[in-house]
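Here are the chains, one letter per residue:
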Amino acid sequence: MDDGLDLRCCGHYGERNGCWKFQDYEASTLGREREKELRQSDGIGNLSTFDWNILTMDHNMRTAGWNVTATQKSFTGDLHYLSTGYDRMSFDNRVKLTLEVIQYIYYPILAIVGVPVNIVTIVILAQGKCGLSKCVTSYLAAMATADILVIIFDLILRQIPIVYFERFLFLMVFRVCNIHAVLLYAVTDCSVWFTVAFTFDRFVVICCQKMKPKYCNEKTAAVVLGIVTVLSCFKNIFWYFLLTARYWLLNYPWFCFVTFSVKYSLSWAIIEFIHNIITPAFPFVLIMLLNILTIRHILISSASRRRLQHRRNGESSRDPEMESRRKSIILLFVISGNFILLWTVFMVYSVWNRMQYLGHNSMYLPQYVQEMGFMLQLLSCCTNTAIYAITQTKFREQFKNIVKYPFSPLYKFIKCVEHYPARQINPIS
């Protein structure tokens, strides 16, 4: 058993009572590994009575651990312990338990808001009344679709069952966790790389005028989005073989069970490390590089246009071209900045966590950093609609119309009643 990992999660209830789950899983896995070794060394395939007793004890420990976990884990229990034992906890445990209490409310609200908001965004963009080109509309609609899928596969089907662990024990019966992982990481890659594709499209529009007619059109956008989707699916097939089919309901570090041979395998670690580099580390670099080049081009071209306009008019006047370009740049930078800001914590922890399993402990990151990373990353799936509403006037108007639409019959009825003259009834003389 890896004491460095087990003992560290044995605070209050452990890693969401994961101290029980993690240790019991390690014990049962050690038993299975021991059983395998004995079977390989014994030609008949028999186990000694002592070894069978060890395996039985491990199984019993694991069963007892699940029972304790199921009875103790609750929102009121965590909140009570946080309020009564706050002074006795270390800073790391305080922050981690506080985040866990917040997640009980944060994740359901995020799911309730995120899905309809992104659906409304797709509907508005599909109407084509936002003053955006078809190319831009295609990218933004694809990003909203990917965000919905991330909310479903990551937030609703992974994080919420982990938070409300005792209510989702039935998931242990379904042996589809590795398939779930493939779909989850595929849609996550799509969400990230759609943002990169949109950023590159805006870079071409602003900085590469000769490429603009050929690249920045609806057909090219559809091809790019299709290629990104296919590559994302193929890239994440390895999760099917890395993880097992059984749910663990714990982010420590994966939400599926894994074997020792995978957890501490150098070859699998290299594959997963490459996965973290491709998404989201490499997109970070690309987005920042494209934005720097775009800013540089805008500053140079804007200075040139101002000088030319000053020579022609003798005084500064309103430039419609620059106004249009400014709105486009604001939308691009806000989307890119939002992505970088909300994904940074998750990216750093993912890379560090994999290096730690290989024995590289050059720095220490507490477990609550991972929880913060998940919370911020999932928040990024719900913020683009707010960004469009803030930066795009026509989108904001369409959004208001859709929100008002269910209440419009009631509003018309009230107006009709207010303007309808009251019937005067003359008293009988």
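Residues numbered from 1 in each chain as written. Predicted model: local features only at pLDDT ≥ 70, side-chain atom pairs only at ≥ 80, totals over all residues. Heavy atoms only, no water.

Moving on, we get to the overall build of the chain. Secondary structure assignment for the chain yields 17 helices and zero strands. At a minimum sequence separation of 6, the contacts of the chain that also span at least 24 residues come to 78%. Working note: accessible area of the chain is about 22800 Å², and carbon and sulfur atoms make up 66% of it. (Helix = DSSP H or I, 4+ residues; strand = E, 2+ residues; numbered from the N terminus. Contact = heavy atoms within 4.5 Å. Areas by Shrake-Rupley, 256 points an atom, 1.4 Å probe, with all protein chains shown as cover.)

Two cysteines joined by a covalent bond between their sulfur atoms form a disulfide. Scanning all chains against the criterion turns up one disulfide. Put simply, Cys177 and Cys256 are joined by a disulfide, and their sulfur atoms are 1.7 Å apart. When the S-S torsion is -85 degrees, as for the bridge of Cys177 with Cys256, the disulfide is left-handed. Placement of Cys177 in helix α7 (residues 177-207) and of Cys256 in the loop between α10 (238-242) and α11 (260-263) is noted, with a sequence separation of 79 residues between them. The pair formed by Cys177 and Cys256 is uniform in burial state, with each residue classed as buried. No disulfide involves Cys207; its sulfur sits 5.9 Å from the nearest other cysteine sulfur, which is in Cys208. (Disulfide = S-S within 2.5 Å. Buried < 20%, exposed > 50% of the residue type's maximum accessible area, 1.4 Å probe, protein only.)

This next bit is on unusual backbone geometry. In this chain, Thr279 is followed by Pro280 through a cis amide linkage whose omega measures 10 degrees. Among the secondary structure elements, Pro280 is positioned in helix α12 (residues 266-313). Phi at Leu249 takes a positive value of approximately 55 degrees, unusual for a residue other than glycine.

Counting residues in each nonpolar core, the largest one holds 95 residues, and the members touching the most others are Tyr107, Tyr139, Phe198, Trp239 and Phe255. Per element, the largest residue contribution to this core is 18 residues, and it comes from α7. Sequence-distant contacts of Tyr107, that is, excluding residues within four places in its chain, are made with Leu155, Gln159, Ile160, Val163, Glu371, Phe374, Met375 and Leu378. (Core = buried A, V, L, I, M, F, W, Y, C linked by side-chain atoms within 4.5 Å.)

Further remarks concern the packing of aromatic side chains. Between two aromatic rings, the relevant description is the distance of the centres plus the angle of the planes. Inspection of the entire model under this criterion finds 21 aromatic pairs. Taken together, a centroid distance of 5.2 Å and an interplanar angle of 50 degrees make the contact between Tyr349 and Trp352 tilted. Here Tyr349 and its partner Trp352 are both found in helix α13 (residues 320-357), three residues apart, which amounts to about one turn of the helix. Both residues of the pair, Tyr349 and Trp352, belong to the buried class. Through a chain of ring-to-ring contacts, three or more aromatic side chains come together here, namely Phe284, Phe339, Trp343, Phe346 and Phe374. When the ring centre of Tyr86 is taken as reference, the NZ or CZ atom of Arg94 above it lies at 4.4 Å. (Phe/Tyr/Trp six-rings, centres within 6.5 Å; stacked < 30°, edge-to-face > 60°. Lys NZ or Arg CZ within 6 Å of the ring centre and 35° of its normal.)

Turning our eyes to something else, we now look at the pattern of salt bridges. Scanning all chains against the criterion turns up four salt bridges. A salt bridge links Arg158 to Asp154, with the shortest nitrogen-to-oxygen separation between them at 2.9 Å. Of this pair, Arg158 and Asp154 both sit in helix α6 (residues 134-163), four residues apart, roughly one helical turn. Classification of Asp154 by relative accessible area gives buried; the value is 1%. (Salt bridge = Lys/Arg side-chain N within 4 Å of Asp/Glu carboxyl O.)

Taken together, the side chains of Phe170, Val173, Phe174, Val176, Ile179, Leu183, Val230, Phe234, Ile237, Tyr240 and Phe241 present a nonpolar region at the surface, about 1100 Å² in accessible area. Elements with a contribution of two residues or more to the nonpolar patch: α7, α9 (218-235) and α10. Within the secondary structure, Phe234 is located in helix α9. Taking the relative accessible area as the measure of exposure, Phe234 reaches 58% and is therefore exposed. (Patch = residues over 30% accessible without salt bridge, like charges linked within 9 Å, V, L, I, M, F, W, Y side chains within 5 Å.)

Relative to the helices and strands, Ser336 is located in helix α13. With a relative accessible area of 1%, Ser336 lands in the buried category. Setting aside its immediate chain neighbours within four residues, Ser336 contacts Thr199, Ile287 and Asn291.

Quick look at helix α17 (residues 408-419) now. The first and last C-alpha atoms of α17 sit 16 Å apart over 12 residues, in line with the 16 Å expected at 1.5 Å per residue. Across the 12 residues that make up α17, only a small minority, zero, are buried. (Expected span 1.5 Å × (residues − 1).)

This paragraph deals with the confidence of the model for the chain. Confidence along the chain averages 78 in pLDDT terms, with 77% of residues attaining 70 or more. Mean pLDDT across the elements of the chain ranges from a minimum in helix α1 (residues 3-6), with 36, to a maximum in α9, with 96. Ignoring residues within four places in sequence, the model shows residues 1-71, a span with pLDDT below 50, making 107 contacts including any to other chains. (pLDDT = per-residue confidence, 0-100.)

In a regular helix each residue adds 1.5 Å, so 37 residues correspond to 54 Å; helix α5 (residues 91-127) covers 51 Å between its end C-alpha atoms and thus fits that length. Phi turns positive one or two residues past the end of α5, at Gly128, with a value near 70 degrees.

It is worth spelling out the packing of α7 against α9 at this point. One way to put it is that α7 packs onto α9 with a least axis distance of 9 Å and a crossing angle of 145 degrees. As α7 packs across α9, the resulting crossing turns out to be right-handed. From α7, Ala186, Asp189, Cys190, Trp193, Phe194 and Ala197 reach across to α9, where they touch Val224, Leu225, Val228, Thr229, Ser232, Cys233 and Lys235. Of the residues belonging to the contact of α7 with α9, the class tally is nine nonpolar, two polar and two charged. (Axes fitted to C-alpha atoms, helices over the stretch in contact; angles between N-to-C directions. Left-handed = near helix turned anticlockwise from the far one by under 90°. Nonpolar A, V, L, I, M, F, W, Y, C, P; charged D, E, K, R; others polar.)

This part takes up the side chain of Asn236. Turning to its location among the elements, Asn236 is positioned in the loop between α9 and α10. Given the relative accessible area of 0%, Asn236 is considered buried. Only 3.0 Å separates the side chain of Asn236 from the side chain of Asp189, close enough to count as a polar contact. Those residues in contact with Asn236 that sit more than four places away from it in its chain are Val182, Tyr185, Ala186, Asp189 and His275. (Polar contact = N/O pair within 3.5 Å; in protein donor to acceptor, adjacent residues only side chain to side chain.)

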